[in-house]
Amino acid sequence: MYDGEWRRAAGAARAEVLGDDGTRLPPGDPVPAEFHDYLVSMAWGAWARGGPLSHRDRSLLVPAMSAALGRMDEFRLHLGAGPRARVTDAEVDELLFQIAAYCGPPPGNSARTAVREVRGAREGE
């Protein structure tokens, strides 16, 4: 399944979680579409393969891991998509405690700032 079918399944998982088709590249993006396809297949293929973790589970795990690695752009992306997977604000608030406890205060504080920004944008502030 690591062929075109795999890429389509990965793109479908991305669309379900992020609400887009995963094929659009930013205007004027100099990176070849092949590289974008590779990233979608690799990252979203893990979601598409199924297994015992639901999209909701993954929608909590990916932001936690992104914050741990200091990947705040990815953190914001998945945080913004969390409501599609029924991740609540209260759960994200609790996740901040876990991030701060296990990753340290700087990543916890960066995550808190990102949460405030994402919620502000969502609420139109």
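Treat the numbers as computed from the prediction; the structure is a model and nothing was measured. (Residues numbered from 1 in each chain as written. Predicted model: local features only at pLDDT ≥ 70, side-chain atom pairs only at ≥ 80, totals over all residues. Heavy atoms only, no water.)

1. Notes on the pattern of salt bridges
Part 1 of the argument: Under the defined criterion, the tally for this structure stands at six salt bridges.
Part 2 of the argument: R122 is the salt-bridge partner of D89, the closest N and O atoms lying 2.7 Å from each other. Pair noted here: D89 is in helix 5 (residues 89-103) and R122 is in helix 6 (residues 105-122), with a separation of 33 residues, a long-range link.
Part 3 of the argument: Take R122: its relative accessible area is 41%, and that puts it in the partly exposed class.
Part 4 of the argument: Where salt bridges share partners, they join D89, D93, R119 and R122 into one cluster. (Salt bridge = Lys/Arg side-chain N within 4 Å of Asp/Glu carboxyl O. Helix = DSSP H or I, 4+ residues; strand = E, 2+ residues; numbered from the N terminus. Buried < 20%, exposed > 50% of the residue type's maximum accessible area, 1.4 Å probe, protein only.)

2. Quick look at helix 4 (residues 72-81)
Part 1 of the argument: M72, F75, H78, L79 and A81 are the residues of helix 4 that are buried.
Part 2 of the argument: Next to the buried residues of helix 4 lie helix 1 (4-18), helix 2 (33-48), helix 3 (55-68), helix 5 and helix 6. (Contact = heavy atoms within 4.5 Å.)

3. Some thoughts on the environment of V118
Part 1 of the argument: As for its placement among the helices and strands, V118 is situated in helix 6.
Part 2 of the argument: For V118, a relative accessible area of 15% puts it in the buried group.
Part 3 of the argument: Considered as a pair, V118 and R71 are 47 residues apart in the sequence and their alpha carbons are 15 Å apart.
Part 4 of the argument: Beyond its immediate chain neighbours, meaning those up to four positions away, V118 contacts R76, L79 and G80.

4. Looking at the nonpolar core
Part 1 of the argument: Ranked by internal contacts, the top residues of the largest apolar core, which has 15 residues, are F75, L79, I99, A111 and V115.
Part 2 of the argument: Counting residues per element, the ones that place at least two in this core are helix 3, helix 4, helix 5 and helix 6.
Part 3 of the argument: Ranked by size, the runner-up nonpolar core spans nine residues in total, among them A13, V17, W47 and A81. (Core = buried A, V, L, I, M, F, W, Y, C linked by side-chain atoms within 4.5 Å.)

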